[in-house]
Each structure stands twice: as C-alpha cells, then as structure tokens.
Amino acid sequence: MGEHERPVVAYLGPEASYTHQAALSTFPNKETTTLSPRTTIADVFSAVQNRSAHRGVVPFENSSNGSVVFTLDLIANLHGMHPDVLVCGEAYVAVKHCLLGHAAGIPSTQKEGEVRIDPQFTNPLAIPKSDLSRVKKLYSHPQAWGQCKAFLATYLKGVPRHDVDSTSRAAEIVAADKTGESAALSSLAAADVFGLDVLAESINDRKGNTTRFLVIRHASSPPLPSPSLSLPTPNPPTPWKSLITFTLNHTAPGSLAQCLSAFSSHGLSLTSINTRPSGVENWHYVFFVECGGRKEDGEGEGDVNRALGELGGVARTWRWLGSWESRL
Ligand SMILES: O=C(O)C(=O)C[C@]1(C(=O)O)C=C[C@@H](O)C=C1
C-alpha cells in the first residue's frame, strides 16, 4: 500500500454483517477510510498480515454466547499464518437478531397470550410476523444459533441449520432462494440490503445482547498512523486493556497459579481468561488473559512490562498481543 493511498479496513462481510456495523462505528469517515468486506474471519487476519489492509475488524465475544473461537485461534496464531497481528482497539455492537426470508403473505396465527416465556431468558419471546410453516432450511453464523435458542426451539424446532461465514452471508443466500423455504438469522440492516422480509424481530434470548469486536493491525503499523485510522478518543479517557497468551508445563504443580500471580503481583486485575487447545499435543492449552493496563514501548517500565518479565520466567511460551483503550 502506498503512503498516500486511502487506508483500507478489512471486515467480516458481506455488507450488513454485525462486524460491518462495528467497522462503521469505529471508522465512520467515508472520505478518509475504505471499508473492505472479506469472506471469512481468517481472510481479515490475512489481509492485515500481508498488509493489503491497514486495519481489520473481527468479532471476539458475545455477551450471552461467549467467545468466537475462530478469532481466538487466529489471534493465538495456532497455524503460524498470522505472526504479526496485534490488537489495537475494540468496539461493542448491540445485536438484535431477526428472522429474514420471503414472507408467504399469510399472517402468523400465533397470539401473544399463547406464548410461553421461558424465565431463563430476559427477552420476551418474539411473535413471528408471518407464517413460518414453509421454512425448511435455516442459515446463519454459528454464533447466532446459541443467541436465539428459545425462538428456534419454539417456532423452528428440527428445521436443519446451515452454518455460513456471517449472518449477512446467510441473508445473501436466502435472498437467492425464491422458493421461500430458506430463512436467515441476520440483522435488520441485512433485510434492507438483500431485499428480504422480516419474518420475526428481536429473536435473541437476552435483552442487551451485545458482541465485542476487536480492531487488529500489523505489528509494524504504528497504533495511530494517520488521523483517519485514529480511533476517536473517548471522553473522559478510559482505562487501557492488554491481551496476553501463554502456555504452560501442565505437569508442574502450581504453574498456572504462578503465571496468574505475575499479573496480581504487579497490581493488574484480570478481566477475562480463556483457553483453547494449543495443537501441540492433546490436552495442552493456550491460555488467553486480558488485564488492565498497557505495555509501554521498548524497555518501558510499566506494570504490564514488569508482569510480562515475570511471566517469561514461569510460562513455557508467552506473547503480548496488544494494548488498547477500553470502549466499555
Ligand atoms: O455474522 C456476523 O454478522 C458477524 O459479524 C459475526 C458474529 C459473530 O461471530 O459473533 C457477530 C455478531 C453476532 O454475535 C453473530 C455473528
């Protein structure tokens, strides 16, 4: 990419995915930034690694359904393809799933009073706007199924589910099937973009269903290289967060406790911990921790730098994967 070219931000597309919404809210200036859709989360990582994009936006975790494991594996660089990708920001998007399809023109016969609301979920069960009896195939991103359990179990029990790369890709597939037998769990924005009917709205189990997205960069690209890629500064300023991965010698008693105490002994609180199979051998894991604070450049003397120094003495391997300002 030339120095004077408009910076490119790759995101999990197509248009109208929730990741697109996260990219738009983070990089709202169309004059200075080009948003570029990619087919898979791995493609976004590759675009940042091979520097065909200055930044990438990827989903990271959902408030009701947990981590996006594809992203965790790519961040941990388990397949060795993205050694230079670091996290430099985050964004939160309210996720209200809809069921999209081709309405048959027959209104739903479901009456509000007949619907049993499962007390386990906080979002009252949505009533379909039209008859769903001809829906024979469902499409969505695997994360979405787990966020809409009550609606699917009540109205679409046993209907085969097809995993696709994003919720907007699901809408695109459904738009192409004019039989009306396909429906997608997708966004209201996707209904507009792909010309679909909203068969039911707000079908997620929990009110306030939110997904957190990460902004990624190449290690050689400075955190704030140009005004168009500077994330808006939060006012008042918010705390920093850092992401670190490490692996252990699982047979040594106390090795996980020693790794974690490297953070507490420098006054850093951990806000999340995750594991994924490391791929090195069975039952061996990569640990992901997020802590407060930022790593200072070079040989800086910050608490995160000191904690990493101590971690280096107790972990089998470790990597710092970026520090960024919290958007919570
Ligand atoms: O498919 C999309 O629209 C995405 O942006 C991906 C994704 C995810 O992976 O979590 C984002 C938000 C929702 O939680 C469901 C799917």
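Only a predicted model underlies this, so the values are computations on that prediction, with no experimental measurement involved.

> Please explain the pattern of salt bridges as it appears in this structure.
Pairs can form between side chains of opposite charge whenever their charged atoms are close. Evaluated as defined, the whole model comprises ten salt bridges. Residue Glu90 is joined to Arg212 by a salt bridge in which the shortest nitrogen-to-oxygen separation is 2.7 Å. Placement of Glu90 in strand β5 (residues 85–94) and of Arg212 in strand β11 (residues 210–218) is noted, with a sequence separation of 122 residues between them. In this structure, Glu90 and Arg212 share a single accessibility class: buried. Two residues, Glu201 and Lys129, come together in a salt bridge whose shortest N-O distance is 3.4 Å. Of this pair, Glu201 sits in the loop between β10 (197–200) and β11 while Lys129 is found in the loop between β6 (98–101) and β7 (137–140), placing the two residues 72 residues apart along the sequence. A relative accessible area of 36% means that Glu201 is categorised as partly exposed. One network of salt bridges, with partners in common, ties together Glu61, Glu90, Arg212, Lys241 and Glu290.

> In this structure, what is going on with the site of the ligand? I would like to understand it.
Around the ligand there are 13 residues in total, and Tyr18, Thr19, Gln147, Thr167 and Thr211 lie nearest to it. In this structure, His141 approaches the ligand through a side-chain N or O atom, which is 3.4 Å from an oxygen atom. One of the side-chain N or O atoms of Gln147 is found 2.9 Å from an oxygen atom in the ligand. Notes on the ligand: free accessible area 360 Å², of which the protein chains cover 100%. The site holding the ligand turns out to be the largest cavity. Those elements that provide at least two residues to the shell around the ligand are α1 (18–26) and β3 (55–62).

> I'm lost on the packing of aromatic side chains in this one. Help?
We describe a pair of aromatic rings using the distance from one ring centre to the other and the angle between the two ring planes. Within the structure shown, the criterion is met by two aromatic pairs. Ring geometry for Phe151 against Tyr155: centres 4.8 Å apart, planes inclined by 55 degrees, an arrangement best described as tilted. Of this pair, Phe151 and Tyr155 both sit in helix α5 (residues 149–155), four residues apart, which is roughly one turn of that helix. Of the two residues examined, Phe151 and Tyr155, each falls in the buried class. An angle of 10 degrees between the planes, with centres 5.5 Å apart, marks the rings of Phe246 and Phe287 as stacked. Placement of Phe246 in strand β12 (residues 240–247) and of Phe287 in strand β14 (residues 285–292) is noted, with a sequence separation of 41 residues between them. A relative accessible area of 8% places Phe287 in the buried class.

> How do you make sense of the sheet that holds strand β15 (residues 317–325) when you look at a structure like this?
The strands that make up a sheet are held in pairs by hydrogen bonds between backbone atoms, and each pair lies either parallel or antiparallel. Spatial strand order, β13-β14-β12-β15: four strands in an open sheet with antiparallel pairing. Whereas interior strands pair on both sides, the edge strands pair on one side only; in this sheet they are β13 (270–277) and β15. Strand after strand, the sheet turns through a mean of 15 degrees between neighbouring axes, direction not considered. As judged from the seven bridges shared by β13 and β14, these two strands associate in the antiparallel manner. Looking across to β14, one finds that Ile273 is bridged to Val289.

> Could you clarify how one ought to interpret unusual backbone geometry in this entry?
Of all residues except glycine, most have a negative phi; of all peptide bonds, most are trans. Between Gly13 and Pro14 the backbone carries a cis peptide bond, its omega angle lying at -5 degrees. A positive phi angle is found at Ala16, which is not glycine, with a value near 80 degrees. Mapped onto the fold, Ala16 is located in the loop between β1 (8–12) and α1. Within the chain, Arg51 stands out as a residue other than glycine whose phi angle is a positive 65 degrees.

> Is there a simple way to explain the packing of helix α8 (residues 255–264) against helix α9 (residues 303–314) in this structure?
In a pair of packed helices, the angle between the axes and the distance between the axes together describe the arrangement. For the pair α8 and α9, the least separation of the axes is 8 Å and the interaxial angle reads 165 degrees. Taken together, the axes of α8 and α9 lie roughly antiparallel to each other. Between α8 and α9 lies a crossing whose hand is right-handed. Each of Gln258, Cys259, Ser261, Ala262 and Phe263 in α8 lies in contact with α9, whose residues at this interface are Ala307, Glu310, Leu311 and Val314. A per-class count over the contact of α8 with α9 returns six nonpolar, two polar and one charged.

> What should I look at first to understand the nonpolar core in this one?
As a rule of thumb, soluble globular proteins bury nonpolar side chains together. Counting residues in each nonpolar core, the largest one holds 25 residues, and the members touching the most others are Ile41, Phe45, Ile75, Val87, Leu214 and Ile216. Where this core is concerned, the elements lending two or more residues are β1, α2 (41–49), β3, α3 (69–75), β5, β11, β14 and β15. For this core, the two domains that each supply at least three residues are domain 1 (1–95 + 206–221) and domain 3 (237–323). When residues no more than four places from it in sequence are discounted, the contact partners of Ile75 are Phe45, Phe60, Val87, Leu214, Leu243, Arg319 and Leu321. The next biggest cluster of nonpolar side chains, apart from the first, holds 21 residues, and it includes Phe121, Trp145, Ala150 and Leu156.

> Which parts of the structure should I look at to understand the sheet that holds strand β9 (residues 182–186)?
Pairing is mixed across the open sheet formed by five strands, whose spatial order is β8-β7-β9-β6-β10. Unpaired on one side and paired on the other, β8 (161–163) and β10 mark the two borders of the sheet. Averaged over all adjacent pairs, the angle separating strand axes in this sheet is 35 degrees, with direction ignored. For β7 and β8, the ladder comprises three bridges, and the chain directions are parallel. Bridge assignment links Tyr139 to a residue of β8, and that residue is His162. In this fold helix α6 (residues 167–176) packs onto β6, β7 and β9, with an angle of close to 160 degrees to the strand it touches most, β9.

The rules behind the values
- Residues numbered from 1 in each chain as written.
- Predicted model: local features only at pLDDT ≥ 70, side-chain atom pairs only at ≥ 80, totals over all residues.
- Heavy atoms only, no water.
- Salt bridge = Lys/Arg side-chain N within 4 Å of Asp/Glu carboxyl O.
- Helix = DSSP H or I, 4+ residues; strand = E, 2+ residues; numbered from the N terminus.
- Buried < 20%, exposed > 50% of the residue type's maximum accessible area, 1.4 Å probe, protein only.
- Near = heavy atom within 4 Å.
- Polar contact = N/O pair within 3.5 Å; in protein donor to acceptor, adjacent residues only side chain to side chain.
- Areas by Shrake-Rupley, 256 points an atom, 1.4 Å probe, with all protein chains shown as cover.
- 1 Å grid on protein atoms, 1.4 Å probe; cavity = no way out; pocket = protein on both sides within 12 Å on 5 of 7 lines; lining within 4 Å.
- Sits in = over half its atoms within 2 Å of the grid points.
- Phe/Tyr/Trp six-rings, centres within 6.5 Å; stacked < 30°, edge-to-face > 60°.
- Pairing = 2+ DSSP bridges.
- Axes fitted to C-alpha atoms, helices over the stretch in contact; angles between N-to-C directions.
- Parallel < 35°, antiparallel > 145°, perpendicular 65-115°, else oblique.
- Left-handed = near helix turned anticlockwise from the far one by under 90°.
- Contact = heavy atoms within 4.5 Å.
- Nonpolar A, V, L, I, M, F, W, Y, C, P; charged D, E, K, R; others polar.
- Core = buried A, V, L, I, M, F, W, Y, C linked by side-chain atoms within 4.5 Å.
- Domains from an automatic or database assignment.

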